[in-house]
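Here are the chains, one letter per residue:
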Amino acid sequence: MNWLNSEAFTLLGQRIIWSDMIGNVLGLVTLALGWRRSLLTWPVQFLSGLVLFVAFYGHLAGSAGKQTVVMVVALYGWWQWNRSKGQAEDGHITPRFATWRERGAMVAAAAAGTVVVALLFKAYPSLSWDPWPDAYIFVGTVVAMYAQARGMVEFWIAWLLVDVVGVPLNFANGYAFSGFVYVIYGALVLWGMRDWWLRSRRAPQPVLEGAPA
């Protein structure tokens, strides 16, 4: 599978490798499917992680390890959405806002996870080319995928926060295609967040026991 690490084409003077292009295009498709609340978003996410895992395995252990985590979370997302499908009138999951406890837990997990992963990357420099921002993007991605698996509107906000660091970081480190894809991610995130936000407001709210009809 060495061809995955070979050059596909040159863009603005920067080399675009096949794995970078294929993995990120699949990631873009995943986000679009997530917007539509399609169950297919998770198999495509898994495939994206698999492509990047194969490309990194053997010479970038840290990157390959990160893709393993992404694939595991994708399997969890597929299981969770498969359990929850049919909640909405169109047969898909019903988006909802996270509770304040869930939001606090995700923020705490993202902060603690970023510190732990960054320190791990610093202790083993071969695992990452830029420990702190790399840890932030990795942990943020996992938190966003978890929130998406739970049908939380906040997952779009998590993706937006990942984009804020991901776009300049990819361009600065020569991953031009990833940088351009992250820009498109940003646009999809804004549209998708609006769609999920509106759907969550249209979703029927549970009636509390004992409340007047």
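See the structure above.
What you see is a predicted model; the values in this text were computed from it and never measured.

Quick notes on the rules
Residues numbered from 1 in each chain as written. Predicted model: local features only at pLDDT ≥ 70, side-chain atom pairs only at ≥ 80, totals over all residues. Heavy atoms only, no water. Axes fitted to C-alpha atoms, helices over the stretch in contact; angles between N-to-C directions. Helix = DSSP H or I, 4+ residues; strand = E, 2+ residues; numbered from the N terminus. Parallel < 35°, antiparallel > 145°, perpendicular 65-115°, else oblique. Left-handed = near helix turned anticlockwise from the far one by under 90°. Contact = heavy atoms within 4.5 Å. Nonpolar A, V, L, I, M, F, W, Y, C, P; charged D, E, K, R; others polar. Expected span 1.5 Å × (residues − 1). Buried < 20%, exposed > 50% of the residue type's maximum accessible area, 1.4 Å probe, protein only. Salt bridge = Lys/Arg side-chain N within 4 Å of Asp/Glu carboxyl O.

Chemist: Help me out: how do you make sense of the packing of helix 1 (residues 18-35) against helix 2 (residues 41-56) in this one?
Modeler: Each pair of packed helices can be summarised by the angle the axes make with each other and by the distance between the axes. Packing of helix 1 against helix 2 leaves a shortest axis separation of 8 Å and a crossing angle of 165°. As summarised for this structure, helix 1 and helix 2 are arranged roughly antiparallel, according to the angle between their axes. With respect to the hand of their crossing, helix 1 and helix 2 are arranged in left-handed fashion. From helix 1, S19, I22, G23, L26, G27, V29, T30, L33 and G34 reach across to helix 2, where they touch T41, V44, Q45, L47, S48, V51, L52 and A55. Among the residues making up the contact of helix 1 with helix 2, the classes are represented as 9 nonpolar, 8 polar and no charged.

Chemist: Could you clarify how one ought to interpret helix 4 (residues 100-123) in this entry?
Modeler: Owing to its 3.6 residues per turn, the α-helix aligns residues three or four sequence positions apart on the same side. Here helix 4 spans 34 Å end to end across 24 residues, near enough to the 34 Å set by a 1.5 Å rise per residue. All of the buried residues along helix 4 are M106, G113, T114, V117, A118 and F121.

Chemist: I would appreciate a short explanation of the environment of W129 in the present structure.
Modeler: Looking at the secondary structure, you find W129 in the loop between helix 4 and helix 5 (131-149). Take W129: its relative accessible area is 40%, and that puts it in the partly exposed class. Along the primary structure W129 and S63 are separated by 66 residues, whereas in three dimensions their C-alpha atoms are 9.9 Å apart.

Chemist: Which parts of the structure should I look at to understand the pattern of salt bridges?
Modeler: It is possible for side chains of opposite charge to pair when their charged atoms get near one another. The full count for this structure, using the stated rule, is 4 salt bridges. A salt bridge links R199 to D195; the nearest nitrogen and oxygen atoms lie 3.0 Å apart. Separated by 4 residues within a single helix, R199 and D195 lie in helix 7 (residues 176-202), roughly one turn from each other. Judged by its relative accessible area of 16%, D195 is buried.

These results come straight from atomic positions and should not be treated as a statement about function.
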